[in-house]
Amino acid sequence: MATTALSVEDLTQSLLAATQAPAAAPPAPRAVPRHPLSDPQSKEFQALARQYNLDPVHMGKLMQAESNFDPQAVSKAGAQGLLQLMPDTQKQYGVSDPFDPGQNVPAGFRYYRQLLDQYGGSHAKALAAWNAGPKAVTQYGGVPPYAETHGLIGKVLGPEALDTAAAETITT
């Protein structure tokens, strides 16, 4: 194996250059731009809520409860995206990429509007159907006795909504 001998002068110049040259700073991490529909305060989110006659505050709380605003969220049950749409719901509303807020959020708003209409404007029943499925709401004649479902209703509507939901279940 051949070696190349460096002169003392070449070695000195190389060492000086290495110690005097400022180290290149690592590139700053690029911020991933958030989609406006992942932000309940954005004008796009607010406009979409108005389009479906939904309360943007409730829809923002639903998004936070379901995915904590993570468009890549996936539940143990297989729900995906910001509003945690199940694959059958995705298919029903034409969602090809559930992780795309531009598809997930409008589909979720349409689905929630449909549930509200189906349950006579009862947000508690609509949220129960959203979480536990419409069959469970039918089976129990209202909000089913599932802790997860009650937790979601409490997070979105407030704890007092559970009392109203219990009364609706008994009287309807």
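Scroll up for the structure.
Note that this is a predicted model, so its numbers are computed, not measured.

The rules behind these values
- Residues numbered from 1 in each chain as written.
- Predicted model: local features only at pLDDT ≥ 70, side-chain atom pairs only at ≥ 80, totals over all residues.
- Heavy atoms only, no water.
- Helix = DSSP H or I, 4+ residues; strand = E, 2+ residues; numbered from the N terminus.
- Buried < 20%, exposed > 50% of the residue type's maximum accessible area, 1.4 Å probe, protein only.
- Contact = heavy atoms within 4.5 Å.
- Areas by Shrake-Rupley, 256 points an atom, 1.4 Å probe, with all protein chains shown as cover.
- Phe/Tyr/Trp six-rings, centres within 6.5 Å; stacked < 30°, edge-to-face > 60°.
- Core = buried A, V, L, I, M, F, W, Y, C linked by side-chain atoms within 4.5 Å.
- Axes fitted to C-alpha atoms, helices over the stretch in contact; angles between N-to-C directions.
- Parallel < 35°, antiparallel > 145°, perpendicular 65-115°, else oblique.
- Left-handed = near helix turned anticlockwise from the far one by under 90°.
- Nonpolar A, V, L, I, M, F, W, Y, C, P; charged D, E, K, R; others polar.
- Salt bridge = Lys/Arg side-chain N within 4 Å of Asp/Glu carboxyl O.

Draft legend 1. Representation of the overall build of the protein. Each helix and strand counted, the protein has nine helices and zero strands in total. When the elements of the protein are put in sequence order from the N terminus, they spell out α-α-α-α-α-α-α-α-α. Classification of the 172 residues of the protein by burial places 38% in the buried group. In the protein, of all internal contacts separated by at least 6 residues, the share reaching a separation of at least 24 is 37%. Roughly 10,500 Å² of accessible area belongs to the protein as shown, and the carbon and sulfur atoms make up 57% of that amount.

Draft legend 2. Structural view of the environment of Ala79. Within the fold, Ala79 resides in the loop between α3 (56-67) and α4 (87-92). Judged by its relative accessible area of 6%, Ala79 falls in the buried class. Among all residues touching Ala79, those that are not within four sequence positions of it are Ala73, Val74, Gln84, Leu85 and Met86.

Draft legend 3. How the structure looks around unusual backbone geometry. With a phi angle near 55°, Asn53 is a residue other than glycine that sits in the positive phi range. Checked against the element boundaries, Asn53 lands in the loop between α2 (43-51) and α3. By relative accessible area, which is 61% here, Asn53 ends up exposed.

Draft legend 4. Structural context of the packing of aromatic side chains. Scanning the model with the defined rule gives five aromatic pairs in all. Cluster of aromatic residues (ring-pair linked, three or more members): Tyr93, Tyr111, Tyr112 and Trp130.

Draft legend 5. Spotlight on the environment of Gly81. Inspection of the secondary structure assignment puts Gly81 in the loop between α3 and α4. The sequence separation of Gly81 and Gly108 amounts to 27 residues, and the corresponding C-alpha distance is 9.9 Å. Those residues in contact with Gly81, other than ones at most four positions away along the chain, are Ser67, Asp70, Pro71, Ala73, Pro98, Phe99 and Asn104.

Draft legend 6. Quick peek at the nonpolar core. Among the nonpolar cores identified, the biggest contains 35 residues, and Leu62, Phe109, Tyr112 and Trp130 are the most heavily contacted of them. Elements with a contribution of two residues or more to this core: α2, α3, α5 (101-118), α6 (123-132) and α8 (147-157). Among the elements that make up this core, the one with the highest residue count is α5 (seven residues). Excluding residues that lie within four positions of it along the chain, Trp130 makes contacts with Leu62, Glu66, Leu83, Leu85, Gly108, Tyr111, Tyr112, Leu115 and Leu152.

Draft legend 7. Looking closely at the packing of α2 against α3. Here α2 crosses α3 at 115°, and the two axes come no closer than 9 Å. In terms of axis orientation, α2 runs roughly perpendicular to α3. The two elements α2 and α3 meet at a crossing, and its hand is right-handed. Residues Phe45, Gln46 and Ala49 of α2 form the contact with α3, whose own contacting residues are Pro56, Met59, Gly60 and Met63. A class-by-class count of the residues in the contact of α2 with α3 yields five nonpolar, two polar and no charged.

Draft legend 8. Quick look at the pattern of salt bridges. Tallied over the entire structure, the rule returns one salt bridge. The salt bridge involving Asp117 is made with Arg113; its shortest N-O contact spans 2.9 Å. Of this pair, Asp117 and Arg113 are both found in helix α5, four residues apart, which corresponds to roughly one turn of the helix. Taking the relative accessible area as the measure of exposure, Asp117 reaches 53% and is therefore exposed.

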